[in-house]
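Structural overview
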Amino acid sequence: MKNIFKNTTLIAGLLFLSSSFSLTSCNRSDDEADDLPQEELSDVLLKVTDASTGTSMVYDYQVNSTTNPNVKLTNGHTYNVEVIFKNGDEDATQEIRDAKDEHFLVYNFPNSDITLTRTDDASSTRADGKHVGLKTQWVVNTAIKNTSAPAQLVLTLYHEPVTVYEASSVSGNGVVYGAHTGGETDAQANYNIIN
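Let me sum up the structure you'll find in this document. (Residues numbered from 1 in each chain as written. Predicted model: local features only at pLDDT ≥ 70, side-chain atom pairs only at ≥ 80, totals over all residues. Heavy atoms only, no water.)

1. Points about unusual backbone geometry
Even without being a glycine, Asn-64 presents a positive backbone phi close to 70 degrees. In this fold, Asn-64 is placed in the loop between strand S2 (56-62) and strand S3 (70-72). Non-glycine residue Asn-111 carries a positive phi angle of around 70 degrees. Here Asn-111 is to be found in the loop between strand S6 (103-109) and strand S7 (113-118). (Helix = DSSP H or I, 4+ residues; strand = E, 2+ residues; numbered from the N terminus.)

Pasting the structure below:
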């Protein structure tokens, strides 16, 4: 009789624990629902507008593509740039705005001398006052510093970084705008810079 009671108590305890784990693992927080992993993004577009002429070009980086789009920049020009994230035909950028406190973009320009300023409005400015980087202004001092090496933009969207910094830092022959600690990569897009 004692064995049956012990077994019943053990089974009841195990059922309680397993149901607790089920409830915990199925309970997704709002933070997770806002996550945009790379697998859910098909395209990262740059809308580049020449400030002096108003002419716009859209450069489409397709996730998992073997080729990178060529972004044509002219030395001495200023450009207003907007980043647009897509999942097929659906614009996923609003999801990043809705979860702006959980996202941050880092711009890396190896082999270019470009001065970048974040120009986000309130819709993409985090509670800590840092700009996500969906809208920026680029002053192109020298699009390609060393003509014997490729110039690129490596654009990385981070999810849930612990800390973020808007400051720039010199990296090799170029400049990186933004830094972070912690978090995960939601998306990374590569563009060639041409002159």
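2. Overview of the sheet that holds strand S10 (residues 163-171)
Strand order in the open sheet formed by six strands is S3-S12-S9-S6-S11-S10, with mixed pairing between adjacent strands. In this open sheet, the two strands that pair with only one neighbour each are S3 and S10. Across the sheet, the mean angle from the axis of one strand to that of its neighbour is 30 degrees, orientation sign disregarded. (Pairing = 2+ DSSP bridges. Axes fitted to C-alpha atoms, helices over the stretch in contact; angles between N-to-C directions.)

3. Digging into the side chain of Thr-156
Its location among the elements puts Thr-156 in strand S9 (residues 151-159). Here Thr-156 is in contact with Phe-104, Leu-105, Val-106, Thr-185, Ala-187 and Gln-188, once residues within four sequence places are set aside. (Contact = heavy atoms within 4.5 Å.)

4. Considering the packing of aromatic side chains
Tallying each qualifying case throughout the model produces three aromatic pairs. Note on Phe-109 and Trp-138: the rings are 5.1 Å apart at their centroids and 85 degrees apart in plane angle, and the pair reads as edge-to-face. With Phe-109 in strand S6 and Trp-138 in strand S8 (residues 135-142), this pair connects stretches of sequence that are 29 residues apart. A relative accessible area of 0% places Trp-138 in the buried class. Taken together, a centroid distance of 6.3 Å and an interplanar angle of 75 degrees make the contact between Phe-109 and Tyr-177 edge-to-face. (Phe/Tyr/Trp six-rings, centres within 6.5 Å; stacked < 30°, edge-to-face > 60°. Buried < 20%, exposed > 50% of the residue type's maximum accessible area, 1.4 Å probe, protein only.)

5. With respect to the pattern of salt bridges
Taken as a whole, this structure holds one salt bridge when the rule is applied. Between Arg-126 and Asp-128 there is a salt bridge, with the nearest N and O atoms lying 3.1 Å from each other. Residue Asp-128 is classed as partly exposed on the basis of its relative accessible area, which comes to 42%. (Salt bridge = Lys/Arg side-chain N within 4 Å of Asp/Glu carboxyl O.)

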